[in-house]
Amino acid sequence: MENISHFEEALRAMETLYGQDVPMTLATVDGDAPNARVIDVYFDRGAFYAVTHLKSHKMLEIAKNPNVALNHNLFVARGRAQNLGHPLDAGNEALHAELRRAFCKFYARHVDEGDPGTCILRIDPYWALVFADDEKYVVDFKEGTATRQHFVQDIIL
């Protein structure tokens, strides 16, 4: 029961920290080499979301290998990425509205909904290291568990 409590604490911390537009480093695999770039993500209901393009290097790499990692300051997550299709596709209505709200600073200027290559990227984490409120959580999304350890973040970021 204690691990479930820590899991819920970790999810709440992630929603507080990443439940809005946050630039994060996304790592993908290009053949046998890692590749990294900064993208804007939004965390909601246990997954990270981004709006991108099918022809971007990240999406071409994800199509071949969906294993990715995310990083923001001390936060690290490993997960599997998938293309949810165009933001205006049937079934994406609620998510489309949520992403327009989350990414309101740039969506209208930088997302071309008239381009059929525009797509929603979803990243489902299966493991994460989360730091919040002087605690460090090691989160196992597959098992729905987490451990918690006191951690005072004194690293200058």
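Residues numbered from 1 in each chain as written. Predicted model: local features only at pLDDT ≥ 70, side-chain atom pairs only at ≥ 80, totals over all residues. Heavy atoms only, no water.

1. Remarks on the pattern of salt bridges
Part 1 of the argument: Enumeration over the complete set of coordinates arrives at 7 salt bridges.
Part 2 of the argument: Note that Arg148 and Glu9 form a salt bridge whose closest N and O atoms lie 2.9 Å from each other. One end of the pair, Arg148, is in strand β8 (residues 145–150); the other, Glu9, is in helix α1 (residues 2–18), with 139 residues separating them in the sequence.
Part 3 of the argument: On the basis of relative accessibility, which here comes to 18%, the residue Glu9 falls in the buried class.
Part 4 of the argument: Residue Arg37 is joined to Glu61 by a salt bridge in which the shortest nitrogen-to-oxygen separation is 3.1 Å. Linking Arg37 in strand β2 (residues 33–44) with Glu61 in helix α2 (residues 57–64), this pair joins segments that are 24 residues apart in sequence.
Part 5 of the argument: The class for Glu61 is buried, based on a relative accessible area of 5%.
Part 6 of the argument: When salt bridges with common partners are traced through the structure, they connect Glu9, Glu135 and Arg148 into a single cluster. (Salt bridge = Lys/Arg side-chain N within 4 Å of Asp/Glu carboxyl O. Helix = DSSP H or I, 4+ residues; strand = E, 2+ residues; numbered from the N terminus. Buried < 20%, exposed > 50% of the residue type's maximum accessible area, 1.4 Å probe, protein only.)

Read these as geometric descriptors, not functional statements.
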